[in-house]
Amino acid sequence: MLESYLTLKAEYEIIPMDLKDCAEVALLHGERFPRVWDESEFQDLLSQETTFGFVARQTNAILKKALPGFVLARHVAGEGEILTIAVNAKLGRAGLGWRLMQAALREARNRGGETMFLEVDGGNQPALGLYRKLGFETVGERKAYYVGDNGAKSTALVMSRVLR
Ligand SMILES: CC(C)(COP(=O)(O)OP(=O)(O)OC[C@H]1O[C@@H](n2cnc3c(N)ncnc32)[C@H](O)[C@@H]1OP(=O)(O)O)[C@@H](O)C(=O)NCCC(=O)NCCS
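The rules behind each value
- Residues numbered from 1 in each chain as written.
- Predicted model: local features only at pLDDT ≥ 70, side-chain atom pairs only at ≥ 80, totals over all residues.
- Heavy atoms only, no water.
- Helix = DSSP H or I, 4+ residues; strand = E, 2+ residues; numbered from the N terminus.
- Expected span 1.5 Å × (residues − 1).
- Buried < 20%, exposed > 50% of the residue type's maximum accessible area, 1.4 Å probe, protein only.
- Near = heavy atom within 4 Å.
- Polar contact = N/O pair within 3.5 Å; in protein donor to acceptor, adjacent residues only side chain to side chain.
- Salt bridge = Lys/Arg side-chain N within 4 Å of Asp/Glu carboxyl O.

Per an unreviewed UniProt entry, the chain carries the name Ribosomal-protein-alanine N-acetyltransferase and comes from Rhizobium lusitanum.

Laid out in C-alpha cells, this is it:
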C-alpha cells in the first residue's frame, strides 16, 4: 500500500478558478512573484465578468497538497490578456504552464476573442520559452519597466498571438 502510494504518478486537471480558490492562488502568487497580491485582490478581479481563471488540481492526491498552478486572464472587446500565471516551483517543466495557457486561450476564443496579449520580463526565460512555444511573438517593449529588489531594471516585452 505504502509502496504504491510512493510510486503514484501525479495526475492533474485544469478547472475554472472559483472565488474559494483565491486564498491558495494568492499564496502561490506570493511565492513566485515579488509583488504580493492578496486574496481579496484576486477575488475582486475574478468577480468581474470580463475576468476568468483556471487552476490546476491534482486528481489523485491522497493528502491535501499546495495549489499546483493557476492562470488569470481577461477578455475585453475582442482582445484577451493574460494577467498572471504561476506554477508551483516544485512542479516546473511538467507541462502545467502549457495546459493552463491552453485553457485560457480556449476560453478567450470561446468569448469571441481574436488576439491574446501578455506582458513579460525580457529576462524571464521559462515564461518566454512557454509563450514562444505557444506561438506568441513580441510586438512591443517597455525599457527599464520592471525594477527588481536590488534596483536592477529590466525590459518588459509585450507579446501577442492570434486566437484561432
Ligand atoms: C513560466 C511558468 C508558468 C512555466 O510553467 P511550467 O509548468 O514550468 O511550464 P511547462 O512545463 O508547461 O513548459 C512549457 C514550455 O515552457 C518552456 N519552459 C518552461 N520552463 C522553462 C525553463 N526553466 N527554462 C526554459 N524554458 C522553459 C519550455 O519551452 C517548455 O517546453 P518543453 O519543456 O517542452 O521544452 C513557471 O516557470 C512559473 O510559474 N514561473 C514563475 C512565475 C512567472 O514567471 N510567470 C510568468 C509571468 S509573465
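From this point, things continue past the structure.
Turning next to helix α4 (residues 96–110). Between the first and last C-alpha of α4 there are 21 Å, a value that for 15 residues agrees with the 21 Å anticipated at 1.5 Å per step. Taken together, the buried positions of α4 are occupied by L96, G97, L100, M101, A103, A104, L105 and A108.

Another point: the site of the ligand. Close contacts around the ligand come from 21 residues, with V87, R93, G95, N124 and K133 the closest. G129 has a polar backbone atom sitting 3.5 Å from an oxygen atom of the ligand. Take K133: an N or O atom from its side chain is 2.7 Å from an oxygen atom of the ligand. Elements represented by at least two residues in the shell around the ligand include exactly β4 (79–87), α4, β5 (115–121) and α5 (125–133). The biggest single contributor to the shell around the ligand is α5, with 6 residues.

The next thing to look at is the pattern of salt bridges. Under the defined criterion, the tally for this structure stands at 8 salt bridges. Residues E41 and R35 are paired through a salt bridge, measuring 3.5 Å at the closest nitrogen-oxygen approach. On the basis of relative accessible area, E41 is assigned to the partly exposed category, the value being 30%. Two residues, E119 and R142, come together in a salt bridge whose shortest N-O distance is 2.2 Å. Linking E119 in strand β5 with R142 in strand β6 (residues 137–147), this pair joins segments that are 23 residues apart in sequence. Residues joined in a network through salt bridges with shared partners are D21, E24, R57 and K64.

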